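# Fold and contact review
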Amino acid sequence: MYHPTVARLTYRGLLGRRRAAVLFTLPALLLIIAAAIRLLTGPDDETATKVLGGFALATMVPLIGVIAGTGAIGPEIDDGSVVYLLAKPVKRPTIVLTKLIVATGVTVVFSAVPTLLAGLLLNGNSQQIAMAYAVAAAAASVAYSAVFLLLGTVTRHAVVAGLVYALVWESLFGSLIPGARTLSVQQWALSIAERIGAPGAITSDVGLPVGLGLLAAVTVAAAWYAGERLRRLTLAGEE
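Please read all numbers here as calculations on a predicted model, not as lab measurements. (Residues numbered from 1 in each chain as written. Predicted model: local features only at pLDDT ≥ 70, side-chain atom pairs only at ≥ 80, totals over all residues. Heavy atoms only, no water.)

## Considerations on the overall build of the protein chain
Note the cut-off: Helical segments are the DSSP runs of H or I of at least four residues, strand segments are the runs of E of at least two, and each set is numbered from the N terminus. C-alpha atoms define the radius of gyration in this analysis, and the globule rule sets the expected value at 2.2 Å times the number of residues to the power 0.38. Only protein chains enter the accessibility calculation, which uses a 1.4 Å probe; a residue is then buried when its area is under 20% of its type maximum, exposed when over 50%, and partly exposed in between. Contacts were defined at the residue level, with two residues in contact if any of their heavy atoms lie within 4.5 Å. Calculation of accessible area relied on Shrake-Rupley with a 1.4 Å probe; when residues are assessed, cover is drawn exclusively from the protein chains displayed. Neither His nor the chain termini are counted; the positive set is Lys and Arg, and the negative set is Asp and Glu. Charge positions are represented by NZ for Lys, CZ for Arg, CG for Asp and CD for Glu.
Per the secondary structure count, the protein chain includes 11 helices and 0 strands. Along the chain direction, N to C, the helices and strands of the protein chain fall in the order α-α-α-α-α-α-α-α-α-α-α. For 239 residues, the compact-globule formula gives about 18 Å, and the C-alpha radius of gyration of the protein chain, at 18 Å, lands near that figure. Dimensions of the protein chain along its principal axes, counting C-alpha atoms only, are 65 × 35 × 30 Å. The burial tally for the protein chain puts 48% of its 239 residues in the buried class. For the protein chain, contacts bridging at least 24 residues in sequence account for 77% of all contacts bridging at least 6. By element, 69% of the accessible surface of the protein chain is carried by carbon and sulfur atoms, the whole surface being about 11,100 Å². On the protein chain, the mean spot of the 17 positive side-chain charges and the mean spot of the 12 negative ones are 9 Å from each other.

Here it is, written out as structure tokens:
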């Protein structure tokens, strides 16, 4: 279910000069902010929670997910080069799963790892806050990658749609409207962080079983439907 050639081509597309520059910008900004706060205020658990939750998990992770998820397949569909890929004797689920693995790996590296480093800078992993948010970022990376990979197969404006979701729903509505928070990948991932962190250090609007279940359900459903979209695209080309 993993195709090395497809993976290599996907990595090459994601880590090209333009996308790589964007991918490095947000993690670098997070680390700069964390270092500046540590120098100015010293270690503080509440500040670490606000930075890691408010910027890293709520903004950086979904934005990187948009770049990696849509970039894993969207450009190939837009420029028509996906036809050559689909003409190869590679099963459609294998293509989707391979691209999802690559997109998830890129998102984890550029979001979960910087989140852990920023947490260590902010408070030295006091109350397991750095580790909790890093694991939450990794879990969210899987769901975001699947959702935005699906968007790449559904619309030519996947990046715009992904940015609207990431910035408006996750960052704005997810922070201000209680009902929206329960339907947010961010909150589902926070349920994991809440369990890992010290009691009372991190809170989520959903319980761990619900959060894990929804993360898994969204990931599987998005990956399955992306495969269906590719299958229909192949049939259309053959007709």
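## Observations concerning a nonpolar patch on the surface
Quick note on the threshold: Like charges within 9 Å and nonpolar side chains (Val, Leu, Ile, Met, Phe, Trp, Tyr) within 5 Å are joined into patches, using only residues over 30% in relative accessible area that form no salt bridge. Any carboxyl oxygen of Asp or Glu within 4 Å of a side-chain nitrogen of Lys or Arg constitutes a salt bridge here.
Taken together, the side chains of Met 1, Tyr 2, Tyr 11, Leu 15, Leu 97 and Ile 101 make up a nonpolar region of the molecular surface, amounting to roughly 550 Å² of accessible area. Locating Met 1 in the fold gives a position in the segment before helix H1 (4-14). Classification of Met 1 by relative accessible area gives exposed; the value is 58%.

## Structural notes on H1
To keep it simple, the criterion reads: Arc definition: it is the arc formed by the directions from the helix axis to the C-beta atoms.
Turning to H1, its buried residues number three or more, namely Val 6, Ala 7, Thr 10 and Leu 14. All buried residues of H1 lie within an arc of 100 degrees about the axis, which places them on one face of the element. Opposite the buried face of H1, at more than 90 degrees from it, the exposed residues are Pro 4 and Arg 12. Looking at the buried side of H1, the elements it contacts are helix H2 (17-41), helix H3 (45-71), helix H5 (82-86) and helix H6 (92-123).

## Section: the confidence of the model for the protein chain
As a reminder, the rule being used: What pLDDT reports is the predictor's confidence in each residue, on a scale of 0 through 100.
In the predicted model, the protein chain carries a mean pLDDT of 87, and 91% of its residues have values of at least 70. Per-residue pLDDT stays below 50 along residues 235-239; that stretch engages in 0 contacts with residues further than four places along the chain or on separate chains.

## Considering the environment of Tyr 2
Checked against the element boundaries, Tyr 2 lands in the segment before H1. With sequence-adjacent residues up to four places away left out, Tyr 2 is seen in contact with Ala 7, Tyr 11, Thr 94, Thr 98 and Ile 101.

## What about the packing of aromatic side chains?
To keep it simple, the criterion reads: Stacked, tilted and edge-to-face are the three classes applied to pairs of Phe, Tyr and Trp rings, where Trp contributes its six-membered ring and a pair requires centres within 6.5 Å; stacked means planes under 30 degrees apart, edge-to-face means over 60, and tilted covers the rest.
As enumerated under the stated definition, the model contains 4 aromatic pairs in all. With a centroid separation of 5.0 Å and an interplanar angle of 85 degrees, the aromatic rings of Phe 24 and Phe 110 are classed as edge-to-face. Here the residue Phe 24 occupies a position in helix H2, and Phe 110 occupies one in helix H6, the gap between them amounting to 86 residues. Classification of Phe 24 by relative accessible area gives exposed; the value is 53%. For the ring pair Phe 148 and Tyr 165, a centre distance of 6.0 Å and an interplane angle of 70 degrees mean the geometry is edge-to-face. Here Phe 148, found in helix H7 (residues 129-154), pairs with Tyr 165, found in helix H8 (residues 158-176); they are 17 residues apart in sequence, far enough to count as distant.

## Brief notes about the pattern of salt bridges
Inspection of the entire model under this criterion finds 1 salt bridge. Here Glu 46 makes a salt bridge to Lys 50, at a shortest N to O gap of 3.4 Å. Placement of both Glu 46 and Lys 50 in helix H3 is noted, with a separation of 4 residues, approximately one turn of the helix. Each member of the pair Glu 46 and Lys 50 is classed as exposed.

## Topic: the side chain of Ser 111
On the secondary structure map, Ser 111 appears in helix H6. In contact with Ser 111, other than residues within four places in its own chain, are Met 60, Val 61, Ile 64, Ala 137 and Ser 141.

## Remarks on the packing of H6 against H7
Heads up, the rule is: In this description, a line fitted to the C-alpha atoms serves as the axis of each element, helices being fitted only across the stretch in contact, and the angle between N-to-C directions of two axes falls anywhere from 0 to 180 degrees. Here is the rule for angles: anything less than 35 degrees is roughly parallel, anything more than 145 is roughly antiparallel, 65 through 115 is roughly perpendicular, and the remaining ranges are oblique. Put simply, a crossing is left-handed when the front helix is turned counterclockwise from the back one by less than a right angle, and right-handed when it is turned clockwise.
Close contact between H6 and H7 brings their axes to 8 Å; oriented N to C, the two are set at 155 degrees. As summarised for this structure, H6 and H7 are arranged roughly antiparallel, according to the angle between their axes. Crossing geometry of H6 relative to H7 is assigned as right-handed.

## Quick word on unusual backbone geometry
You will see that Asn 125, though not glycine, has its phi angle at about 65 degrees, which is positive. With respect to the helices and strands, the residue Asn 125 is situated in the loop between H6 and H7. Relative accessible area serves as the criterion here: at 18%, Asn 125 is assigned to the buried category. Phi angles above zero are rare outside glycine, and Gln 127 is one such case at about 60 degrees. Structurally, Gln 127 can be placed in the loop between H6 and H7. Here Gln 127 falls in the partly exposed class, since its relative accessible area comes to 34%.

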